[in-house]
Amino acid sequence: MWSLQKAYQFLCLVLFLLIFQANLSSSSSITQLCSLDEATALIQFKRSFSTSEIYSSSESCAAAGIKSYAKTDSWKEGTDCCAWDGVTCDNITGQVIGLDLSCSWLYGTIPSNSSLFCLPHLQKLNLAFNHFHHSNMPPNFGLLASLVYLNLSAANFAGQVPSQFSHLSKLVSLDLSWNRYQSLDNHALKGVVHNLAEVRQLFLDGIDMSSINPKVLMNLSSSSRTLGLESCDLQRNFPENVFLLPNLKLLSLRYNEDLIPNLPMLNRSNHLLLLDLSLVSSLSTASVASISNSQSLKYLYLSGAYFSEGLPNSMANLSSLVDLDVSDSFFSGGLPDSITNLLSLEDLDVSYSFFSGGLPDTIGNLISLKYLDLYSANLMGSIPRSLGNLWHLSYFDLSGNNFSGKIPSSLANLTELEFLQIPDNQLEGSIPDEIAAFPNLISLDLSSNLLDGMLPSWLFVASSLKYIYLSNNKFSGPMKEFQRKSLEVIELWNNKLQGPIPFSISQLVNLTTFYLSSNHLSGIVEFGSKSLQGLDLSNNKISGKIPKWMWDVGKDSLIYLNLSHNSLTEVEQLPWNVIVFLDLSSNLIKGDLPIPPLTTYVFSISNNKLSGKISPLICDVSSPGLLDLSHNNLKGSIPQCFEYLSGSLRMLNLQMDKLHGIIPPIFMDGCQLKNLNLNGNKLEGPLTRSIINCESLEVLDLGNNKINDTFSHWLRRLPNLQVLVLRSNQLHGSVHSNGSILFFSNIQIFDLWSNNFTGPLPVSYIEDFEAMINLKKDLSVRSYMGDQEDRYGIFYSYSLQIVMKGLNVEMVKVNTMLTSIDLSNNNFEGEIPEVIGKLNSLIGLNLSHNNLNGSIPISIGNLSSLEWLDLSSNKLTGMIPERLLDVPWLSFLNLSDNQLVGCIPGGKQFNTFENSSYEGNKGLRGFPLSKDCSKNEPPQSTQSNMPAEDGPKANIAFGWKVVLTGYGCGLVFGLVVGYVVFKTGKPKWLVALVEDGHHKRRKMSKIGNRRSGRRRI
């Protein structure tokens, strides 16, 4: 150690002599307080880094209360270094004793020979919140023997923490925290613990300490006051004597999930103020009881615990406690009474916890409470009136629970309240209308409840109110004029508001978001705000041209604009310079396709009356993600310039237009498409192989065109493909595989309806339809194919045309559990393979109108999820397998126009099928045909054998509208049906059997299922 110090003294002397002559003339006229050698060392240290705001860590600095700027910019040669930003000198000697370069934008590394180590008098050094390029901490920090305070936190160091820190015996505070690529071993920590006898603050948060035995900490100095060990991956038993250190005030063991804290009985003399045991294993009711005698504890964080016996009653002894966090925890029963006895409590967070009851009336005892967060805590029942006693409350959140009943009028007593949030519950009635209510309210969120009545008067006069979220309720009546100009966000969509939009909207100069969709409002809106970012007037009664006043709305600020589902007829221009989301769909817009602004990410103008060609100018949009031009009258070919969009587009929908020509090779390397829909055009020629570049593709719908090609076997290389629709084209040849790789393993919908395919059924493909063998989906994450939330929070779903139960339907949303195979209306021949019985997640199977022969495979009886089966118009022979009675969900069956013989199985769902299911099979007998089975040949089953209870089955909600029927038996029906939802816990054949009016067994009943969801485009 001594020889190393001598070497550095020599190095600093050489550095001083080299620069001394150059500075002699300039320094001779200046009275220097700091020594020239230290000034030189600082200049050299500055020159070893670059400074840039991109390395500023500005958010972290702001959170720490530190101003972020390049402090070293003030360091000029020839000036007094004691006057430089971040430098502190001894008032008598002029020696540099402090260096604070935290948040100084430094980027680079600190080598072992850095001039920093030529400042031997440094007592305080702070290099936090810089970027040292994930370099190792130099061991020469151990040479700065005078250091009392050292902070190297969040400075992007990496590697092992050097053991030389143990040489800094004068240290009182050491902070090495949040250098996430750094680790600390047993040897280095043992040296720190043994040698730093004066240390009072030790922060090691975020350092990998997984190799350390926590017992090393048993020898911590009795002077220790603060110990930070958050997110260190500590394991095994944590020594209990650390909790009993006589001067310890703050201890954080947060996020050490494999650590076992041995909590001792804390006595009244313990000085601990803050204890954080969040997400530490083995935390329970008993362990919390051991700390309940502390009279000093003010801050207790126990997030992520399992309180099977609740919190102990002894917690009421924590008379000094002001902040309690038990979020993300499990409780048996409701909110424990032991919490409501903490009369000094100011902050209570039980969000994301699991309760099985409601809020007790005793919640009103917490009269000191300022912050109450009960977000998504599985609470139910009514909101207690006693909450009105919490006069100091400023933040109140009951979001995402199951509260019902009315909002108690006593909440109007909360005059200090700034944030009131009770969305996503089942509250009814009106909002309390006390004119003096909530004088300090900043944000009101009561969205997605069942509230009704008129909007309260105080809402329009509240002087501090900035955010109003009352969407998705049943509010009615007119909107009054706003009397204050503080409002920034107004969301009132999906209510029953009537009358004119308030003129005072034009005076809200700070307004950024204005959502009034799905109401009955009228009139003209003029906006005074120059910073409007979101405007949604969809599902209203705006007609004619897009109003002129709208062109000036947020021209340089508007990001989100939704005018869909109105009666707009003409678009002259799209002038918004920074628009990201633009939805003009479902209007009556005529003329040429308008070109969206260059910044547009989502552009939907579907379901209009556009004509003409798709202009290549649309390819000038910089990075579009969703482009929907479907259901118009657009003509011409697909522009070749779309190749420039394939690197950003996630969805391209051009279905139901009048496009012709070939599909050009527009799908380049790096194609990002997930949904490509060209259905219902006049496209022809072979299929472009460039589609293989779209490795993320989930839905490929090229149906109802004139594509003339053989089956494109290379499509099997698309690893994420779930839906393949090639129906109604001019495809031909056999559908067989060659090669040994898996084929379409994620396919859920395979539709080749109405082509000219020949040969046997594609057995090798069917064998590898893994998603149809055992389909597993997390419906809590994604209920419909194509549900997508991207960086702009935008949701959309795929739509699809499909033959379902004999009907040609357009599914506006496709459930993630839907699986179907449609190979009908082709020229397939041979037998139906037994392997098809492996697809036990298959819901729909249509092999009709082919040349199939042989018998119906018995293995079809294994298709336990099957709901519709169509084998009509083939050459099938033999009997109908009795095993089909074991398919519990079968509600549609068509075996007509074959050569089947024998008795129709009787009972269960077969009692619901009509004559049309079997006609054209002269050898069939039994119900419902008029030809009974003879006495010598009894039916295969004579009883319905209806089960007392049905086995479990996941409910599947299909949203569709019927486009046209007239398939199968030659009957044509023109039907217009809205959205139909099948949601039942019973097999559909059983429901049909019970409700069948033809057999008059019981009167028909209907069960309505209320559905709610988020807005989608």
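Scroll up a little and you will see the structure.
What you see is a predicted model; the values in this text were computed from it and never measured.

Enquirer: Help me understand the overall build of the protein chain, please; the structure alone is not making it clear to me.
Expert: Assigned secondary structure in the protein chain consists of ten helices and 66 strands. Counting all 1017 residues of the protein chain, 54% fall into the buried class.

Enquirer: Sorry, what's going on with unusual backbone geometry here?
Expert: Leave glycine aside and you will find that most residues have negative phi; peptide bonds, for their part, are mostly trans. The step from phenylalanine 927 to proline 928 runs through a cis peptide bond, and the omega angle for that step is 10°. Looking at the secondary structure, you find proline 928 in the loop between strand S65 (923–925) and strand S66 (959–965). Residues other than glycine seldom take positive phi values, yet tyrosine 352 does so here, at roughly 55°. Mapped onto the elements of the fold, tyrosine 352 is located in the loop between strand S21 (347–349) and strand S22 (371–373). Given the relative accessible area of 48%, tyrosine 352 is considered partly exposed. At asparagine 539, a residue that is not glycine, the phi angle is positive and equals roughly 55°.

Enquirer: Which parts of the structure should I look at to understand the nonpolar core?
Expert: The nonpolar side chains of a soluble globular protein tend to be buried with one another. Phe165, Phe514, Phe642 and Phe744 are the most contacted members of the largest nonpolar core, which totals 254 residues. Elements supplying a minimum of two residues to this core: helix H2 (36–47), strand S2 (87–89), strand S3 (96–100), helix H4 (186–195), helix H7 (548–551) and helix H8 (763–767). A total of five residues in this core trace back to one element, the largest contributor, which is H2. In this view, phenylalanine 642 contacts Ile614, Ile618, Cys619, Leu627, Leu652, Leu654 and Ile666; residues no more than four positions away in its chain are not counted. Grouped together as the second largest cluster of nonpolar side chains are 15 residues, Val725, Tyr798, Leu818 and Ile843 included.

Enquirer: Is there a simple way to explain the packing of aromatic side chains in this structure?
Expert: A ring pair, where both rings are aromatic, is described by two values, the distance of the centres and the angle of the planes. Considering all chains together, one arrives at 29 aromatic pairs under this definition. Where phenylalanine 744 meets tyrosine 765, the ring centres are 5.3 Å apart and the plane angle is 70°; that geometry is what we call edge-to-face. Here phenylalanine 744 is found in the loop between strand S52 (732–734) and strand S53 (749–751), whereas its partner tyrosine 765 is found in helix H8, with 21 residues between them in sequence. Here phenylalanine 744 and tyrosine 765 have matching classes, each one buried.

Enquirer: What is the right way to look at the sheet that holds strand S50 (residues 706–707) in this model?
Expert: Either a parallel or an antiparallel arrangement is found when strands of a sheet pair, and the pairing is made through backbone hydrogen bonds. Overall, parallel pairing links the three strands, which are arranged S46-S48-S50 in an open sheet. Looking at the sheet topology across the chains shown, the edges are occupied by strand S46 (660–662) and S50. Sheet analysis places S46 next to strand S48 (residues 682–685), joined by three bridges and oriented parallel. Its bridge partner lying in S48, isoleucine 662 is registered against glutamate 684.

Enquirer: I would appreciate a short explanation of the environment of phenylalanine 243 in the present structure.
Expert: Looking at where phenylalanine 243 falls in the secondary structure, it is placed in the loop between strand S13 (235–238) and strand S14 (250–252). If we ignore the near neighbours within four places in the chain, the residues touching phenylalanine 243 are Phe238, Leu251, Leu253, Pro261, Asn262, Leu263, Pro264, Leu266, Asn270 and Leu275.

Enquirer: Which parts of the structure should I look at to understand the pairing of S3?
Expert: Judged by how many residues are buried, S3 sits mostly within the fold: four of five residues are covered. The pairing of S2 with S3 spans three bridges and is antiparallel. When the bridges of S3 are listed, cysteine 89 appears paired with valine 96. Between S2 and the antiparallel strand that follows it, S3, lie six residues; glycine 94 among them carries a positive phi value of about 75°. Inspection of the sheet shows S3 paired to strand S5 (residues 124–126) by three bridges, in the parallel sense. Considered in S5, the bridge of leucine 99 is made with leucine 125.

Enquirer: Can you walk me through the state of the cysteines in this structure?
Expert: Linking two cysteines covalently through their sulfur atoms gives a disulfide. A full pass over the atoms with the stated rule returns five disulfides. Here cysteine 34 is linked by a disulfide to cysteine 81, with a sulfur-sulfur distance of 1.9 Å. On the criterion of sequence distance, the pair formed by cysteine 34 in the loop between helix H1 (2–27) and H2 and cysteine 81 in the loop between helix H3 (58–63) and S2 is long-range, its members being 47 residues apart. Accessibility classification places cysteine 34 together with cysteine 81 in one group, the buried group. Each sulfur in the disulfide pair cysteine 619 and cysteine 641 lies 2.0 Å from the other. The disulfide joining cysteine 619 to cysteine 641 has a torsion of about 65° about its S-S bond and is therefore right-handed. Placement of cysteine 619 in the loop between strand S43 (609–610) and strand S44 (626–628) and of cysteine 641 in the loop between S44 and strand S45 (651–653) is noted, with a sequence separation of 22 residues between them.

Enquirer: Would you explain H4 in this entry?
Expert: Since there are 3.6 residues in each turn of an α-helix, residues three or four apart along the chain are aligned in direction. The complete set of buried residues in H4 reads Ala188, Leu189, Gly191, Val192 and Val193. In this structure, the buried residues of H4 make contact with strand S11 (201–203).

Enquirer: Any chance you could explain the pattern of salt bridges here in plain terms?
Expert: This model, assessed by the stated rule, comprises six salt bridges. In this structure, aspartate 886 engages arginine 883 in a salt bridge whose closest nitrogen and oxygen atoms are separated by 3.2 Å. A relative accessible area of 31% means that arginine 883 is categorised as partly exposed. Overlapping salt bridges bring together Glu230, Arg254 and Asp276 as one network.

Enquirer: Please explain a negative patch on the surface as it appears in this structure.
Expert: On the surface, Asp208, Asp233, Glu257 and Asp258 cluster together to form a negatively charged patch. Tracing the chain through its elements places aspartate 258 in strand S15 (residues 258–261).

Enquirer: When you look at the sheet that holds strand S10 (residues 181–183) in this model, what are you seeing that I'm missing?
Expert: One open sheet holds the three strands; their spatial order is S6-S8-S10, and the pairing between them is parallel. Both outer strands of the open sheet, strand S6 (135–136) and S10, are each paired with one neighbouring strand and no more. Bridge count between S6 and strand S8 (residues 157–160): two bridges; the pairing is parallel. What sits directly across from asparagine 136, in S8, is alanine 158.

Conventions used here
- Position numbers for residues start from 1 in each chain and track the written sequence from start to end.
- Thresholds applied to this predicted model are a pLDDT of at least 70 for local features of residues and 80 or more for the giving and counting of side-chain atom pairs; totals over whole chains, interfaces and linings are not thresholded and use all residues.
- Side-chain figures throughout are based on the complete set of non-hydrogen atoms in the structure, without hydrogens or water.
- A run of DSSP states H or I qualifies as a helix once it reaches four residues; a run of E qualifies as a strand once it reaches two. Both are numbered from the N-terminal end.
- Exposure classes here rest on a 1.4 Å probe applied to the protein chains alone. A residue is buried below 20% of its type maximum, exposed above 50%, and partly exposed in between.
- Residue types Ala, Val, Leu, Ile, Met, Phe, Trp, Tyr and Cys, when buried and joined through side-chain atoms within 4.5 Å, form a set referred to as a nonpolar core.
- Two residues qualify as a contact provided that any one of their heavy atoms is within 4.5 Å of a heavy atom in the partner residue.
- Paired rings are identified among Phe, Tyr and Trp, the last through its six-membered ring, by centres lying within 6.5 Å, and are further divided according to the angle between planes into stacked (under 30 degrees), edge-to-face (over 60) and tilted (the rest).
- DSSP-based pairing: two strands are paired if at least 2 bridges between them are found.
- Cysteine sulfur pairs qualify as disulfides if the two atoms are within 2.5 Å.
- By convention in these notes, a salt bridge is any Lys or Arg side-chain nitrogen within 4 Å of a carboxyl oxygen on Asp or Glu.
- Grouping into patches uses exposed residues only, defined as over 30% relative accessible area, and leaves out salt-bridged ones; the cut-off is 9 Å for like charges and 5 Å for nonpolar side chains (Val, Leu, Ile, Met, Phe, Trp, Tyr).
- Surface accessibility follows the Shrake-Rupley procedure with a 1.4 Å probe radius. Residue values consider only the protein chains on display as shielding.
- Counted as positive: Lys and Arg. Counted as negative: Asp and Glu. His and the chain ends are not counted at all.
- For charged residues, the charge sits on one atom: NZ in Lys, CZ in Arg, CG in Asp, CD in Glu.

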